[in-house]
Amino acid sequence: MVRSRRDIVWLPTFALLVAFAVPWPLWGVDRVVAGLPVWIWWHVAWLGLCTVLFSLFARSGAWERGMGLRPEGDRP
Amino acid sequence: MTLGLSLGIVVGYLLFALAVGLVAYRVSETTAEDYYLASRSIGTVVLLFTTFATLLSAFTFFGGPNLAFAAGPEWLIVMGTLDGVLFAVLWYAIGYKQWLIGNRNGYVTLGEMLGDRFGSTGLRALVAGVSLLWLFPYVMLQQMGAGEALVGLTDGVVPYWGGAALITAFMILYVVLAGMRGVAWTDTIQGLFMLSVVWIAAVWVVSAVGGVGAATGAMLEARPEFGSFGGGVYSVGFIVSTAITIAFGVTMFPQINQRFFVAKSGETLKRSFALWPVLVLLLFVPAFMLGAWAAGMPVDVPDGANVLPVVLNEYTPAWFAALVIAGAMAAMMSSSDSMLLSGSSYFTRDLYRPVVNADASERREAWVARIGVAGFALLAFVASLFRPGTLIEVGDTAFSGFALLALPVICALYWERTTRTGMIVGVLVPQLVYLAVVLSAVVGSVPTLPRAVFGGWDIALGLMALSAVLTVGVSLLTAPTAESDASRFAVTGD
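Residues numbered from 1 in each chain as written. Chains lettered and ligands numbered in written order. Predicted model: local features only at pLDDT ≥ 70, side-chain atom pairs only at ≥ 80, totals over all residues. Heavy atoms only, no water.

Peer 1: Help me out: how do you make sense of the overall build of chain A in this one?
Peer 2: Helix and strand counts for chain A stand at three helices and two strands. Taken from the N to the C terminus, the helices and strands of chain A come in the order α-β-β-α-α. Within chain A, buried positions represent 42% of all 76 residues. Considering only intrachain contacts with a sequence separation of at least 6, the fraction spanning at least 24 residues in chain A is 57%. (Helix = DSSP H or I, 4+ residues; strand = E, 2+ residues; numbered from the N terminus. Buried < 20%, exposed > 50% of the residue type's maximum accessible area, 1.4 Å probe, protein only. Contact = heavy atoms within 4.5 Å.)

Peer 1: What is the right way to read the layout of surface pockets from this model?
Peer 2: A probe matching the size of a water molecule, rolled over the atoms, marks out where space remains unfilled. All names here are of chain B. The space that makes up the largest pocket amounts to roughly 1200 Å³. Looking at the largest pocket, it is lined by 44 residues, and the ones nearest its centre are Pro388, Gly389, Thr390, Glu393 and Val394. The set of elements that each furnish at least two residues to the lining of the largest pocket consists of helix H4 (58-71), helix H7 (121-153), helix H11 (236-252), helix H17 (391-414) and helix H18 (420-442). The leading source of residues in the lining of the largest pocket is H7, at seven residues. A class-by-class count of the residues in the lining of the largest pocket yields 28 nonpolar, ten polar and six charged. (1 Å grid on protein atoms, 1.4 Å probe; cavity = no way out; pocket = protein on both sides within 12 Å on 5 of 7 lines; lining within 4 Å. Points joined across faces, edges and corners; volume = space filled by probe spheres on them. Nonpolar A, V, L, I, M, F, W, Y, C, P; charged D, E, K, R; others polar.)

Peer 1: Where do I start with the packing of aromatic side chains in this structure?
Peer 2: The geometry of an aromatic ring pair is captured by the separation of the ring centres together with the interplanar angle, meaning the angle of the planes. Residue and element names in this part refer to chain A. Inspection of the entire model under this criterion finds 39 aromatic pairs over all chains. Each ring, one from Phe14 and one from Phe54, has its centre 5.7 Å from the other, and the planes form 80°; the classification is edge-to-face. You can see Phe14 sitting in helix H1 (residues 10-19) and its partner Phe54 sitting in helix H2 (residues 38-59), a full 40 residues away along the chain. What makes Phe14 buried here is its relative accessible area of 9%. Residue classification places Phe54 among the buried residues on the basis of a relative accessible area of 0%. (Phe/Tyr/Trp six-rings, centres within 6.5 Å; stacked < 30°, edge-to-face > 60°.)

Peer 1: Explanation requested: the packing of H2 of chain A against helix H13 (residues 266-293) of chain B in the structure shown.
Peer 2: Axis angle and axis distance: for two packed helices, these are the angle between their axes and the distance between the axes, and together they describe the pair. Close contact between H2 of chain A and H13 of chain B brings their axes to 7 Å; oriented N to C, the two are set at 165°. Judged by the angle between their axes, H2 of chain A and H13 of chain B are roughly antiparallel. Regarding H2 of chain A and H13 of chain B, the two cross each other, and that crossing is left-handed. Residue-level inspection shows Ile40, His43, Val44, Leu47, Cys50, Thr51, Phe54, Ser55, Phe57 and Ala58 of chain A of H2 of chain A in contact with H13 of chain B, the latter providing Lys270, Phe273, Ala274, Pro277, Val278, Leu281, Val285 and Met289 of chain B. Residues that form the contact of H2 of chain A with H13 of chain B fall into these classes: 14 nonpolar, three polar and one charged. (Axes fitted to C-alpha atoms, helices over the stretch in contact; angles between N-to-C directions. Parallel < 35°, antiparallel > 145°, perpendicular 65-115°, else oblique. Left-handed = near helix turned anticlockwise from the far one by under 90°.)

Peer 1: Would you explain the nonpolar core in this entry?
Peer 2: For soluble globular proteins, nonpolar side chains are generally found buried alongside one another. Residues Phe54 of chain A together with Trp75 and Leu114 of chain B are the most contacted members of the largest nonpolar core, which totals 182 residues. No other element matches helix H5 (residues 74-105) of chain B, which puts 19 residues into this core. (Core = buried A, V, L, I, M, F, W, Y, C linked by side-chain atoms within 4.5 Å.)

Peer 1: Please clarify how the side chain of Asn257 of chain B should be interpreted in this entry.
Peer 2: For Asn257 of chain B, the position within the fold is in helix H12 (residues 254-262). Excluding anything up to four places from it in sequence, Asn257 of chain B contacts Gln98, Leu110, Thr251, Met252 and Tyr346 of chain B.

Peer 1: Just checking my understanding: could you explain the interface of chain A and chain B for this structure?
Peer 2: Much of the literature gives interface size as the accessible area that the parts lose upon coming together. Contact with chain A, which involves 34 residues of that partner, is made by 46 residues of chain B. A combined buried area of about 3400 Å² lies between chain A and chain B, and 82% of that area is made up of carbon and sulfur atoms. Looking at the side of chain A facing chain B, the largest losses of area belong to Trp39, Trp63 and Met67 of chain A, adding up to 24% of the total buried there. Measuring nitrogen to oxygen at the nearest pair gives 2.9 Å for the salt bridge that ties Glu64 of chain A to Lys270 of chain B. At the junction of chain A with chain B, the criterion picks out eight residue pairs in polar contact (both at pLDDT 80 or more). (Buried area = accessible area lost by both parts, 1.4 Å probe. Salt bridge = Lys/Arg side-chain N within 4 Å of Asp/Glu carboxyl O. Polar contact = N/O pair within 3.5 Å; in protein donor to acceptor, adjacent residues only side chain to side chain.)

Peer 1: Sorry, what's going on with the environment of Ser6 of chain B here?
Peer 2: Residues and elements named next belong to chain B. Its place among the elements puts Ser6 in helix H1 (residues 2-27). A relative accessible area of 5% places Ser6 in the buried class. Remark: the alpha-carbon pair of Ser6 and Ala88, spanning 82 residues in sequence, is separated by 38 Å. Among residues more than four places away in sequence, those in contact with Ser6 are Leu153, Ala318 and Ala322.

Peer 1: Looking at this model, I keep getting lost on unusual backbone geometry. Mind explaining?
Peer 2: With the exception of glycine, most residues fall at negative phi, and the peptide bonds are largely trans. The phi torsion at Ala34 of chain A lies on the positive side, around 50°, for a residue other than glycine. Its location among the elements puts Ala34 of chain A in the loop between strand E1 (32-33) and strand E2 (36-37).

Peer 1: It is not clear to me how the environment of Gly95 of chain B should be interpreted in this structure. Could you clarify?
Peer 2: Residues and elements named next belong to chain B. Take Gly95: it is sitting in helix H5. For the pair Gly95 and Phe52, spaced 43 residues apart in sequence, the C-alpha separation works out to 15 Å. Among all residues touching Gly95, those that are not within four sequence positions of it are Leu90, Phe260 and Leu269.

Peer 1: How should H7 of chain B be read in this particular structure?
Peer 2: Residues that lie three or four places apart on an α-helix share one face, since the helix turns once every 3.6 residues. Residue and element names in this part refer to chain B. With 33 residues, H7 extends 48 Å from end C-alpha to end C-alpha; this agrees with the ideal 48 Å at 1.5 Å per step. Among the 33 residues that make up H7, 28 are buried, leaving the element largely enclosed by the rest of the structure. N-cap assignment for H7: the residue whose side-chain oxygen lies 3.4 Å from the backbone N of Gly122 is Ser120. Downstream of H7 by one or two residues, Asp155 has phi in the positive range, about 55°. (Expected span 1.5 Å × (residues − 1).)

Peer 1: Is there a simple way to think about the pattern of salt bridges in this case?
Peer 2: Residues and elements named next belong to chain B. One pass over the structure, following the stated rule, counts nine salt bridges over all chains. One salt bridge in this structure joins Glu365 and Arg353, with 2.5 Å as the shortest N-O distance. Of this pair, Glu365 sits in helix H16 (residues 362-384) while Arg353 sits in helix H15 (residues 318-356); the two residues are twelve residues apart in sequence, bridging distant segments of the chain. The partly exposed category is assigned to Arg353, whose relative accessible area is 25%.

Peer 1: Can you help me understand a nonpolar patch on the surface in this one?
Peer 2: On the surface, Trp27 of chain A together with Val236, Phe454 and Trp457 of chain B cluster together to form a nonpolar patch covering roughly 440 Å² of accessible area. Locating Val236 of chain B in the fold gives a position in helix H11. Its relative accessible area of 37% is what places Val236 of chain B among the partly exposed residues. (Patch = residues over 30% accessible without salt bridge, like charges linked within 9 Å, V, L, I, M, F, W, Y side chains within 5 Å. Areas by Shrake-Rupley, 256 points an atom, 1.4 Å probe, with all protein chains shown as cover.)

So this is what it looks like as structure tokens:
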């Protein structure tokens, strides 16, 4: 097993990313910002954040370690 | 005149798409067996777009805008969350794991993988049978969508059944002529084309009505409740259960699940995973916002028509509206074909060969596959004439049926103690219950069982939980059979 303890942090991160892709804090809010309801902007920005964090996850080696494998660059 | 032009463009484009498929078939001269194995060399762009192609269905182009038009733009949030984020996470948890296992053991279908791990032909056939069952309403959905699209485009001159029949004919032609190959890169071309025209359409319509602000303003004037998040059909229960059932369901879709086995390298899966949320957003924002904005536009949507063609007809030239509809129908056709083809590989590999005729020649198997696909598409066409629900309802039924497979599969992938009996009970019981619920709505003589309880919570979500409880519980109570081999699913060591 080469799973690193720091990788555990990805579990709550993914849970948060999924949970708040829905703009729950803006429930019932009807403000319009720049032509669209503000909660649509939240969602657009959130999915952008997801792409950034997903690529970080994939590049950091946590992708392989999560399955109990050794990332490419780590080979002795 | 305009009518002839519109229909000409639709039929012409469908023929063009068919020709592309034929060329792809001629270029890649591979045997049926090679198709799946050679596909293990699929790269990032093609993998991304063949997966994306599943989104290019009547569910996205017509069902989504219709719902946004009727109930508000929250549908964008539901679909973005489930497809852009939750599906991406499952892409890793289920997809990457399946890729690792499939790469070691050479699996091509989900049923094959599970059947081998648990040493059970019965489980293999069960998984294939369940998958084919839920593929049926999803193919039917494409026929309904096409029928309604032509009603909208031609103001009802072409009847509903005409559009449905047209796409059915092309589906069968495409499969029989273009066969089992080359689907992947036609999907890619269709995907890029549709992504572009949906944006052009959005820009065109929005500039005709005076900009994004004006479009939203008019929408809010007509339907003030569209501006605030939640409310109406969009209850907490609806949002959560729809997002969860569809996201898990998509992973068990035959052609999506099969993609998990075919990536060239882990790198391909990784890159697709990271790009996914943005790609999804690029398609959903223009498609669904057009539907929501239409609520404030002076358009008249006839009963049983889709809102998107009506809006395009009003604000863009007839040739462009026809082109978008043609593109959507061609994309629907090509994605139905990847579904039908994956379905046919489930049918021949997991049902026909192991259960019916183990010694069938390859030639015979190929014919069984083709006849099976044609029969399947025709039956779905007949069923689509009864229009058993809205596009979203029918699609959701299919997704939920697939979703009930997901948790037992995850259990098998990650928990060595899972047993064959646990899997069979965990798959079979929730399926039977769900099937009873779905059929009770179709069959007139029995009382209709509720699909949702406590204000929008989908019954399928409860059945998903049941499938997990049964798989784990029964596995704990039973001993692994001698034929099962947990090491088949190991990804490390030798």
